[in-house]
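# Architecture at a glance
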Amino acid sequence: MSSKVTLSTLQKMKQSGERFSCLTAYDATFATTLDRAGVEVILVGDSLGMVVQGQESTVAVDMDDMVYHTRCVKRGVTNALIMADMPFMSYPNVDEALYNAARLMREGGAHMVKLEGGARIVDTVRVLSENGVPVCAHLGLLPQSVHKLGGYKVQGREASQAKQMLLDAEELVKAGADILLLECVPSDLALRLTQNVDVPVIGIGAGSGCDAQVLVLHDMLGLGSGVSPKFVKDFLAESGSISAAIEKYVAAVKSGEFPAKEHTFE
Ligand code: KIV
């Protein structure tokens, strides 16, 4: 029988070189399906803005949306660790970050929160951590800053950007970040960063050198609208059911079969 996944479970998995899986969910039914398939971390991502609400980006998602969907997911989960996104503009300063993280944990039932940013969020991460809030810091491509970045682009290809990302990762971990998440980063940089820090690193479009992988649920079930990003694999296409597709994903992440070279940026 599986047992509850905690931060120390994930920390031990990193230390022993055992990969873990993460997928997004936004409702109780899918959360139960993921939990039963052995997904260790369920992310209530602000990607719900796109895949549930039909928005063009995550920017429109607010705290009430996040609390509502986190609460739905919570009802479906027995073992997985629930990570919830702090949405756009919910952490412009430390006081608002504390208030909104507490809402996700108290009202939503999240076990940890995820914030996007590098050096900019170090002080916020420190205060959250000092107040007992487990934190995941999201680096690389930051979807909440898509309008500032000018689109969804691979981050860290230039030497100066790569150096800054490595420094930011170190500072975030020193400030108390318990997990890092890397989105759309060249695989050699992601591997170096993963080896440099002693907290688990979850990758999406960051190659197989990370400690764990995450995908948006709708993408890995082939439900994405339009062209799917290079790092996405449709697991339902080669499985007979949604549960089988999720089990296949968990197994492929653990064996290192996913992501393959074709899902990876150089
Ligand atoms: O919101 C989300 O689903 C995410 C993933 C893309 C990592 O942050």
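The structure this text deals with has already been given above.
Note that the structure is a prediction, hence the values are computed from the model and not measured.

### Regarding unusual backbone geometry
Omega for the peptide link from Phe258 to Pro259 comes to 5 degrees, which places this bond in the cis form. In this fold, Pro259 is placed in the segment after α11 (242–255). Even without being a glycine, Met89 presents a positive backbone phi close to 65 degrees. Here Met89 lies in the loop between β3 (81–85) and α5 (94–106). When its relative accessible area of 55% is taken as the criterion, Met89 is described as exposed. Residues other than glycine seldom take positive phi values, yet Cys184 does so here, at roughly 50 degrees.

### Quick look at the pairing of strand β2 (residues 41–44)
Of the two faces of β2, both are covered, the one formed by Val41 and Leu43 as well as the one formed by Ile42 and Val44. Across 3 bridges, the pairing between strand β1 (residues 20–24) and β2 is parallel. Bridging across to β2, Thr24 finds its partner in Leu43. Handedness of the β-α-β unit built from β1, helix α2 (residues 28–37) and β2 comes out right-handed. Bridge count between β2 and β3: 4 bridges; the pairing is parallel.

### Here's the deal with the pattern of salt bridges
Under the counting rule described, the total for this entry stands at 10 salt bridges. Residue Arg103 pairs with Asp64 through a salt bridge whose shortest N-O separation is 3.0 Å. Pair noted here: Arg103 is in helix α5 and Asp64 is in helix α4 (residues 63–76), with a separation of 39 residues, a long-range link. Measuring nitrogen to oxygen at the nearest pair gives 4.0 Å for the salt bridge that ties Glu238 to Lys248. Within this pair, whereas Glu238 is found in the loop between α10 (217–220) and α11, its partner Lys248 is found in helix α11, the two being separated by 10 residues in sequence.

Basis of the calculations
Residues numbered from 1 in each chain as written. Predicted model: local features only at pLDDT ≥ 70, side-chain atom pairs only at ≥ 80, totals over all residues. Heavy atoms only, no water. Helix = DSSP H or I, 4+ residues; strand = E, 2+ residues; numbered from the N terminus. Buried < 20%, exposed > 50% of the residue type's maximum accessible area, 1.4 Å probe, protein only. Pairing = 2+ DSSP bridges. Right-handed = clockwise from strand over helix to strand, strands pointing away. Salt bridge = Lys/Arg side-chain N within 4 Å of Asp/Glu carboxyl O.

Everything listed is a geometric property; what it means functionally is a separate question.
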